[in-house]
Every structure is written in structure tokens, then in C-alpha cells.
Amino acid sequence: MDTILSINHISHSYHTLKGETPALRDLSFTVHTGEFLAVVGPSGCGKSTLLSLIAGLLTPEEGEILLHGKPVNDQKEKIGYMLQRDELLEWRSIYRNVLLGPEIQKSLTPEIKQRARDLLEAYGLGQFQSSRPSELSGGMRQRAALVRTLILNPELLLLDEPFSALDYQTRLNVSDDIGQIIRREGKTALLVTHDLSEAISLADRILVLSIRPASLKTTVSLHFDFPGQTEDTPLNRRNAPEFKTYFNLIWKELNQHENQPD
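Below or above, wherever it landed, is the structure these notes cover. (Residues numbered from 1 in each chain as written. Predicted model: local features only at pLDDT ≥ 70, side-chain atom pairs only at ≥ 80, totals over all residues. Heavy atoms only, no water.)

**Some words on a negative patch on the surface**
Worth spelling out the cut-off: Only residues whose relative accessible area exceeds 30% and that take part in no salt bridge are eligible for patches, with like-charged residues grouped when within 9 Å of each other and nonpolar side chains (Val, Leu, Ile, Met, Phe, Trp, Tyr) grouped when within 5 Å. Using a 1.4 Å probe, accessible areas were evaluated by the Shrake-Rupley method; residue-level cover was limited to the displayed protein chains. Note on definitions: salt bridges are taken to be side-chain nitrogens of Lys or Arg within 4 Å of carboxyl oxygens of Asp or Glu. Here the positive residues are Lys and Arg and the negative ones are Asp and Glu; neither His nor the chain ends is included. All charge positions are set by atom: Lys at NZ, Arg at CZ, Asp at CG, Glu at CD. Runs of H or I in DSSP of at least four residues are treated as helices and runs of E of at least two as strands, each being numbered from the N terminus. Three labels apply to residues, based on accessible area from a 1.4 Å probe with only protein chains included: buried if under 20% of the type maximum, exposed if over 50%, partly exposed otherwise in between.
On the surface, Glu 20, Asp 26, Glu 61 and Glu 62 cluster together into a patch of negative charge. Take Asp 26: it is sitting in strand β2 (residues 19–32). By relative accessible area, which is 46% here, Asp 26 ends up partly exposed.

**Some points on the pairing of strand β1 (residues 3–16)**
Here is the rule: What makes two strands pair is DSSP finding at least two bridges between them.
The sheet contact formed by β1 and β2 spans 10 bridges and is antiparallel. When the sheet's bridge partners are listed, His 15 is paired in β2 with Glu 20. Hairpin geometry of β1 and β2 is characterised by an intervening segment of 2 residues between the two adjacent antiparallel strands. For β1 and strand β4 (residues 62–67), the ladder comprises 5 bridges, and the chain directions are antiparallel. Looking at β4, one finds that Ile 7 is bridged to Ile 65.

**Details of helix α6 (residues 168–184)**
A turn of α-helix holds 3.6 residues, and therefore any two residues three or four places apart point the same way. This is how it is decided: A helix is expected to span 1.5 Å for every residue after the first.
Between the first and last C-alpha of α6 there are 24 Å, a value that for 17 residues agrees with the 24 Å anticipated at 1.5 Å per step. Buried residues of α6: Arg 171, Leu 172, Val 174, Ser 175, Asp 176, Ile 178, Gly 179, Ile 181 and Ile 182, and no others.

**Focus: the sheet that holds strand β10 (residues 216–221)**
Within a sheet, neighbouring strands are paired by backbone hydrogen bonds and run either parallel or antiparallel to one another. Filter applied, for reference: A fitted line through C-alpha atoms represents every axis, and for helices the fit uses only the stretch in contact; the resulting angles, taken between N-to-C directions, go from 0 to 180 degrees. Any two residues whose heavy atoms approach within 4.5 Å are treated as being in contact.
Reading across from one edge, β6-β7-β8-β3-β9-β10 is the order of the 6 strands in this open sheet, with mixed pairing throughout. Looking at which strands have only one partner, the edges of the open sheet turn out to be β6 (79–82) and β10. Averaged over neighbouring strand pairs, the angle between their axes works out to 20° when direction is ignored. Note: strand β3 (residues 36–40) against strand β8 (residues 188–192), 4 bridges, orientation parallel. Each bridged residue has a counterpart across the sheet, and for Val 39 the counterpart in β8 is Val 192. Contacts between helix α1 (residues 47–54) and the sheet are confined to β3, β6, β7 (156–160), β8 and β9 (205–209), with β7 contributing the most and set at about 150° to the helix.

**Considering the environment of Phe 247**
Tracing the backbone shows Phe 247 in helix α9 (residues 241–255). Considered as a pair, Phe 247 and Thr 193 are 54 residues apart in the sequence and their alpha carbons are 14 Å apart. Beyond its immediate stretch of four places on either side in the chain, Phe 247 contacts Leu 196, Ser 197 and Ile 200.

**Quick word on the sheet that holds β1**
Strand order in the open sheet formed by 4 strands is β2-β1-β4-β5, and the pairing between neighbours is antiparallel. Of all strands in the sheet, those bounded by a partner on one side alone are β2 and β5 (70–71). The sheet contacts of α1 involve β1, β2 and β4, and relative to β1 the element is tilted by about 115°.

**Quick word on α1**
When you tally the buried positions in α1, you get 7 out of 8 residues, the bulk of the element. The complete set of buried residues in α1 reads Lys 47, Thr 49, Leu 50, Leu 51, Ser 52, Leu 53 and Ile 54.

**Re the side chain of Asp 160**
Among the secondary structure elements, Asp 160 is positioned in strand β7. Buried charged residue Asp 160 carries no salt bridge. Nearest counter-charge: Lys 47, at 8.2 Å. If we skip the residues at most four places from it in the chain, Asp 160 touches Ser 48, Leu 51, Tyr 81, Met 82, Leu 83, Gln 84 and Val 192.

**Things to note about the layout of surface pockets**
Basically, it comes down to this: In the cavity and pocket records, a cavity denotes points on a 1 Å grid over the protein atoms alone where a 1.4 Å probe fits but cannot get out, a pocket denotes an open set with protein on both sides within 12 Å along at least 5 of 7 lines, and lining residues are residues with an atom within 4 Å of a point. Grid points are joined across faces, edges and corners, and a volume is the space filled by probe spheres set on the points. Any residue that is not Ala, Val, Leu, Ile, Met, Phe, Trp, Tyr, Cys, Pro, Asp, Glu, Lys or Arg is counted as polar, Gly included; the first ten are nonpolar and the last four charged.
Considered as a void within the structure, the largest pocket measures approximately 440 Å³ in volume. In terms of lining, the largest pocket is formed by 19 residues, of which the most central are Tyr 81, Gly 101, Arg 148, Thr 149 and Leu 152. Mapped onto the lining of the largest pocket, the elements with two or more residues apiece are β6, α3 (100–104) and α5 (138–150). Tallied by class, residues from the lining of the largest pocket come to 9 nonpolar, 5 polar and 5 charged.

Shown next, in the form of C-alpha cells:
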């Protein structure tokens, strides 16, 4: 498989008047084209810092981050970033929220406008194009936020706990919807989450990070055998016999840290 993203021995610390706080230390991994990769680790270990570095919002103090073998800072437009909250603008309709990125980039064309309508229609939001964000449910807003990210046609999607603000039932349904949308669109995705069940239900591989400063502790590749015509979806994975095995394996890795200082 082709490698789209290479993280090579990166380290990063935060500096304040009170001193230095190491966040990441000598972290290396790769992401393959079309892969859905999840990253889990103890709270405060630097997972969101990792996404900020990949997105080019921060620069690593050591190491390099390459997209298609070239520095990521020179290709920020190829990366889409979906945050914990949808950040939709209330004074714009859902349709105009989706078009915000191309407007900012001054790349709005009739083709992009039509793609926005097609994506909204395809993912159950066609009749809400003229609605304001406050008129939509939390799950619908997150789907709209994903469409807004997809409209720019990024090669790599960064997902920073995009379902954490939703209630449990909505979270299950929306993660299933968005997981299937990402695969249907053929996108490469990197998800950061505290929810092990979410990671196992969505990902092809899971990276387990150590306590801060984070380094790579282990990698778990996920394989599910579904009988007959059963489709590999996030919701179906949660009912598969392999799910509990993976959950227990990763849980044990994370709990090795529980008695250590954060």
C-alpha cells in the first residue's frame, strides 16, 4: 500500500514562564492511502497536539512530518480537520456553511456548488440546505460539518474526537454514518479519541500511545470476519465476537499507566 503520511521521530514541548512541558517524544508511524487509523492513549498524553502538528498548526521541535514524501507545511490545503464541535456559523445556511472553505480560498466554482448540493443530498441533508444550524439535530450538524470538510476534497482527514459533544445514542448513530461516509468517499482518515469502542468500530489500525510525553507503545491491526452478506460497518463491529477481544487487549495496554503520574 502507498504511504500518504510519514511521522518521523517527532518531538514537541510546550514552553511557558513556568517551564517546559514535553508533549511528544520520538514518535514515528506511517498512514497508508485509504486507511482509517485511530490514535488512543492516556488523557493528556498529547493526542490533540499530534493532530495540530500534522495539520501544520504547530511545528515539531525535532523530526519531520511528510505528506506524500514532502513537508506537510507546504501542503496544508490537502488536509481536512474536523473538530470536536461542528463550529457551524448560525448566520449562514447549511449550504452556505458548506461553501465557506472554497469562498475563503477563492476557489468557488459552479462545479463545487453542485458538489455541495450533491453531498448534502447524498447524506440526508438535502432538504435542510436552507436551514440554519440551530434548526438541525446534533448528529445532522456533524454530518454537515463533515460535508463542509469533504467539499475541499482533502487527501487526509484529521478527526479530533468529532462525536464527543453528542449524547451516547446519537454518538453511536453518527459515528456509524460518518465512518461509512468516509469509506464511501475513499478518504484516508486519522481519528483521535478517548473512546476505545469508537476506535475499534471505525479503524483499520489503532495506535496506542504512552503517557506524556507520548511515544508509540503498540499498534493493533483490526480484522473482523463477518458471515454471509453481513457488511463491515461500525455498528456491526460492535456486535462481532472479535470486538471484546480487541477492547480487552487495548484496555490492558492503557491501564498499565493508571498508577503512574500524568
